[in-house]
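Here are the chains, one letter per residue:
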2 protein chains.
Amino acid sequence: MNFFKSTESADKGARFDLDEALQAIKYNADGLVPAIAQQYDSGEVLMMAWMNLPSIRETLQTGRVCYWSRSRQQYWRKGESSGQIQLLKEIRIDCDGDTLLLLVDQTGPACHTGRKSCFYNIIRNNHLEIGSEPLIDPETLYKQS
Amino acid sequence: MNFFKSTESADKGARFDLDEALQAIKYNADGLVPAIAQQYDSGEVLMMAWMNLPSIRETLQTGRVCYWSRSRQQYWRKGESSGQIQLLKEIRIDCDGDTLLLLVDQTGPACHTGRKSCFYNIIRNNHLEIGSEPLIDPETLYKQS
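Note that this is a predicted model, so its numbers are computed, not measured. Note that residues are indexed from 1 along each chain, following the sequence as it is written. Chain letters and ligand numbers both follow the written order, the letters beginning at A and the numbers at 1. It should be noted that, the model being predicted, local features are given only for residues of pLDDT at least 70 and side-chain atom pairs only at 80 or more, the latter also being counted only at that level, while totals for whole chains, interfaces and linings use all residues. Values reported for side chains reflect all heavy atoms of the structure, with hydrogen atoms and water molecules removed beforehand.

Asks: Please explain the nonpolar core as it appears in this structure.
Replies: Nonpolar side chains tend to gather and get buried jointly when the protein is soluble and globular. For the purposes of this section, nonpolar cores are sets of buried Ala, Val, Leu, Ile, Met, Phe, Trp, Tyr and Cys residues that join through side-chain atoms within 4.5 Å. Relative accessibility thresholds used throughout: buried, under 20% of the residue-type maximum; exposed, over 50%; partly exposed, between the two (1.4 Å probe, protein chains only). Grouped together as the largest cluster of nonpolar side chains are 64 residues, with contacts concentrated most on Leu102 of chain A together with Leu102 of chain B. Contacts between residues were defined by any pair of non-hydrogen atoms, one from each residue, lying within 4.5 Å. Apart from residues lying up to four places away in sequence, Leu102 of chain B is in contact with Ala35, Ile36, Ala37, Gln38, Met51, Val65, Tyr67, Leu88, Glu90 and Ile91 of chain B. Judged by nonpolar contacts, the second largest core, of 18 residues, contains Ile36, Trp50 and Phe119 of chain A together with Leu32 of chain B.

Asks: I would appreciate a short explanation of the side chain of Asn121 of chain B in the present structure.
Replies: Where helices and strands are cited, they refer to DSSP runs of H or I of at least four residues and of E of at least two residues respectively, numbered from the N terminus. The residue Asn121 of chain B is located in strand E8 (residues 121–124) in this model. Owing to a relative accessible area of 0%, Asn121 of chain B belongs among the buried residues under this scheme. Whenever a nitrogen or oxygen atom comes within 3.5 Å of another N or O atom, the pair is scored as a polar contact, on the condition that within protein one atom can donate a hydrogen and the other can accept it, and that pairs from neighbouring residues in sequence are kept only if both atoms are in side chains. A distance of 3.3 Å separates the side chain of Asn121 of chain B from the backbone oxygen of Asp94 of chain A, its partner in a polar contact. If sequence neighbours within four positions are ignored, Asn121 of chain B has contacts with Phe4, Thr7, Ile91, Arg92, Ile93, Asp94 and Cys95 of chain A together with Leu128, Glu129 and Ile130 of chain B.

Asks: Please explain the pairing of strand E7 (residues 100–106) of chain B as it appears in this structure.
Replies: Two faces make up the sheet, and in a regular strand the side chains alternate between them. Residue and element names in this part refer to chain B. Within E7, 6 of the 7 residues are buried, which leaves it mostly tucked inside the rest of the structure. Here strand E2 (residues 33–39) pairs with E7 via 5 bridges, running parallel. The partner of Ala35 across the bridge, within E7, is Leu100. Hairpin connection between strand E6 (residues 86–93) and E7: a loop of 6 residues separates the two successive antiparallel strands, and Gly97 in this loop has a positive phi of roughly 70 degrees. Two strands pair under a simple rule: DSSP has to find at least two bridges between them.

Okay, structure coming up:
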C-alpha cells in the first residue's frame, strides 16, 4: 500500500518512519514538491515555493528554510541575499503526500517587494486591488553593501 | 511590462483590471495554477489543489470553490459528492502571479479522510506523527444514499 494511504486511518499520535515518509512524497517530474510557508503564530500565509528532497533534509537539519529555485535552478536559502530568513517551526505533509506546509517564523517581509506576504493582490469588487504596503523598501532589501 | 511586475510598486488600494489579471496568471503547461485554501476566520490551511481559468471564473461567479481535478481530469466542485462545500470569501494572487490563496468558509472537513485539514502528517521528534482525528468517518462522508 502507498505510504500516505497507510497513514489515513491511523489514530492521532501514531508514529511512522520519517525517512520512509520523505521518500514517499510525490515529487513532480522535476523532483519538486510545493511548499506553503505560514507564519506560525499569526497564521498568515506568506508564500509558496518548491522543495526537493535534499532541501527538505537541509531545512530539517539546520532549522532554516531552504527551497529550490526553479528560475535560478539552485538551492534558495531564504534570506541569504535579503537577510529576511525563515526559521522552521514545523513541517506538515498533506494526506496524499504531494504538498508541504511549513510553519515558520519569518524575519521581516517574506516577499521580494518588501511586503510581509506575497499574497497582496486581492480580487475585490470585480477588480484586482493592492492589499498591503511594503514593510521595507525593496531597494533597501537587496542593496549591495 | 509583465502585469504582475506592474502591480509590485502600486500603493495599497490601487486597482487593476480583473480580466487582465486573470489572464496574466502564470498557468503551467497544463493550464493550471496551484490554489491554497485557508479557513478565512481561523487561519487554518485546509488543502492545496489546482485551478484553471474557467474554474477561477466559475468560483468567482458562484461563490462556491471549483477546482480542476488532475487525477479525474474534470472540474471538481468541492463538496459535490461529500456535501462538504467551500464558500468563497476572497481570492488573492501572489506577487509573481503563479499561486492563488483562497479564503474560504469550509463546511465540515476539507480532507477526504474526514479531517478538517489535509495537513495532518506532522514531522516531530524525527518521526512522522498523525496530528488530528477525523471529524466525520470517511465511510459516512462518501456513502451512497
